[in-house]
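# Breakdown of the fold
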Amino acid sequence: SPSFSIAAIVILALGIGANTAVFSLVNVVLLRPLPFPKAHQLMELRLTDPKANIRGNFGDADFLAVQEQQKSFSRIAAYALGQSGISFSTGGEAQRVRGAYVTSGFFEVLGIAPERGRGFLAADDEPTAERVAIISHDFWSRQLGEDASIVGKSMRMNGRPVTVVGIAPANVRFPSNQPVDVWQLMRIQPASARPPFYLAVFGRLRPGVTPQQAAE
């Protein structure tokens, strides 16, 4: 799927019962190049659990386990599938904009630095931290008149106050083929139950690590 175009795919076998995550190579599929630095290091991770008849997306507990225990990636990140609309307002009538819900490592894994402001920080994941978002260059220009003071200001997104912390470079569309207006940070919470399996996960290989090594 073009919207899922990470440079390679690794299938994960995750042993939840033993609270361990191990990589096993099933296949590696090279897809079209992505417009990101060193795109060959980007890999999509898939979850497999034959006992639970699961293959594909991650649940919260799966993502947190792999994030904590994997050794092959400099960092992994995730975005929520099936959640693409965000209600946005700066004080007037709310509008529906194209959005994506992503974890704090999203832009770092892609190798993208904001054009203005900052990226998501680990501190933004804290339960008491304010809700934050990064907006696209096109959205900033089209809807906000390239107001440089927007960074650090609060908007209402889905009825809640959200602080804009950065503006992405022009033409960044991932994880969709369509332009994205807003990337809102989502916090993955520890959960005892695995479903729902709604997270698409990807990572950037550590220097010197091959896809085959990551999958072993």
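Notes on the structure in this doc start here. Everything numeric here is computed off the predicted structure, so don't read it as measured data. (Residues numbered from 1 in each chain as written. Predicted model: local features only at pLDDT ≥ 70, side-chain atom pairs only at ≥ 80, totals over all residues. Heavy atoms only, no water.)

Here strand 9 (residues 132-135) shows no split at all, with Val-132 and Ile-134 on one side and Ala-133 and Ile-135 on the other all buried. As judged from the 4 bridges shared by strand 9 and strand 11 (residues 160-167), these two strands associate in the parallel manner. The residue of strand 11 that forms the bridge with Ala-133 is Val-164. Bridge analysis of strand 9 against strand 12 (residues 182-185) gives 3 bridges, and the strand direction is antiparallel. Counted as the bridge partner of Ile-135 is Val-182 from strand 12. (Buried < 20%, exposed > 50% of the residue type's maximum accessible area, 1.4 Å probe, protein only. Helix = DSSP H or I, 4+ residues; strand = E, 2+ residues; numbered from the N terminus. Pairing = 2+ DSSP bridges.)

The subject of this paragraph is the packing of aromatic side chains. Inspection of the entire model under this criterion finds 11 aromatic pairs. Consider the rings of Phe-36 and Phe-174, whose centres lie 6.1 Å apart with planes at 80 degrees: the pair is edge-to-face. Linking Phe-36 in the loop between strand 2 (20-23) and strand 3 (42-49) with Phe-174 in the loop between strand 11 and strand 12, this pair joins segments that are 138 residues apart in sequence. Both rings, one in Phe-88 and one in Phe-139, keep their centres 5.0 Å apart while their planes meet at 75 degrees; by these two values the pair is edge-to-face. Of the two residues, Phe-88 sits in strand 6 (residues 85-89) while Phe-139 sits in helix 3 (residues 137-144), which places them 51 residues apart along the sequence. For Phe-88, a relative accessible area of 3% translates into the label buried. Owing to a relative accessible area of 0%, Phe-139 belongs among the buried residues under this scheme. (Phe/Tyr/Trp six-rings, centres within 6.5 Å; stacked < 30°, edge-to-face > 60°.)

In this structure, Ser-74 sits in strand 5 (residues 73-80). Here Ser-74 falls in the partly exposed class, since its relative accessible area comes to 42%. In this structure the C-alpha to C-alpha distance between Ser-74 and Glu-108, which are 34 residues apart in sequence, comes to 9.8 Å. Excluding its chain neighbours within four sequence positions, the residues that come into contact with Ser-74 are Arg-204, Leu-205 and Arg-206. (Contact = heavy atoms within 4.5 Å.)

By themselves these figures say nothing about function.
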